[in-house]
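Structure at a glance
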Amino acid sequence: QVQLVESGGDLVQAGDSLRLSCVVSGRTFRTTAMAWFRQAPGKEREFVAAISWSGDSTAYADSVKGRFAISRDNAENTVYLQMNSLNAEDTALYYCAGKGDAYFGGSKIASYNYWGQGTQVTVPS
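Heads up: these notes are all about the structure in this document. What you see is a predicted model; the values in this text were computed from it and never measured.

**Quick look at the pairing of strand 3 (residues 34–39)**
By the criterion of burial, strand 3 is predominantly enclosed, with five of the six residues buried. Linkage of strand 3 to strand 4 (residues 46–51), two consecutive antiparallel strands, is achieved through a turn of six residues, within which Gly42 is found at a positive phi near 80°. As judged from the six bridges shared by strand 3 and strand 8 (residues 92–98), these two strands associate in the antiparallel manner. If you follow Gln39 over to strand 8, its bridge partner there is Leu93.

**Comments concerning the state of the cysteines**
Under the definition given, this model contains one disulfide. Note on cysteine connectivity: Cys22 is disulfide-linked to Cys96, with sulfurs 2.0 Å apart. Taking the sign of the S-S torsion, about -85° here, the bridge from Cys22 to Cys96 comes out left-handed. Placement of Cys22 in strand 2 (residues 18–26) and of Cys96 in strand 8 is noted, with a sequence separation of 74 residues between them. Since its relative accessible area comes to 0%, Cys22 is described here as buried. Taking relative accessible area as the criterion, Cys96 reaches 0% and is therefore assigned buried.

**Here we look at the sheet that holds strand 1 (residues 2–7)**
Taken together, four strands build an open sheet; the order of strands is 1-2-7-6 and the sheet is antiparallel. Both edges of this open sheet fall to strand 1 and strand 6 (68–73), since each of them pairs with a single strand only. In this sheet, neighbouring strand axes are inclined to one another by 20° on average, regardless of whether the strands run parallel or antiparallel. Of the pairings in the sheet, the one linking strand 2 to strand 7 (residues 78–83) comprises six bridges and is antiparallel in character. Residue pairing across strands places Leu20 opposite Leu81, the latter belonging to strand 7.

Reading guide: rules and limits
Residues numbered from 1 in each chain as written. Predicted model: local features only at pLDDT ≥ 70, side-chain atom pairs only at ≥ 80, totals over all residues. Heavy atoms only, no water. Buried < 20%, exposed > 50% of the residue type's maximum accessible area, 1.4 Å probe, protein only. Helix = DSSP H or I, 4+ residues; strand = E, 2+ residues; numbered from the N terminus. Pairing = 2+ DSSP bridges. Disulfide = S-S within 2.5 Å. Axes fitted to C-alpha atoms, helices over the stretch in contact; angles between N-to-C directions.

Below, the structure is given as structure tokens:
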């Protein structure tokens, strides 16, 4: 009953910035903690960032700390991932994930029960 729709992926140059959006909707769950994961070709899906429903708890993968920021606007039912100083290693399909409850979910894939379709971010080397 939770639907996630990502947008904002694009082909950009190294050093550029990009902001991804994930709109959350659903008739069963009123609140949910969220996260972003990414998957590059030939690699496993990996954690990027997480945020609680209230926004009071966040977590980031070491590879993106200082460059990416997760935030949310609950009035618009939207979670964002601001990505700065992008490089070729950031090239991946980025997925929005929902936990299904309001509590901080952390970095484990198994913590999340709902997934978006993904939005592609490409940074040529």
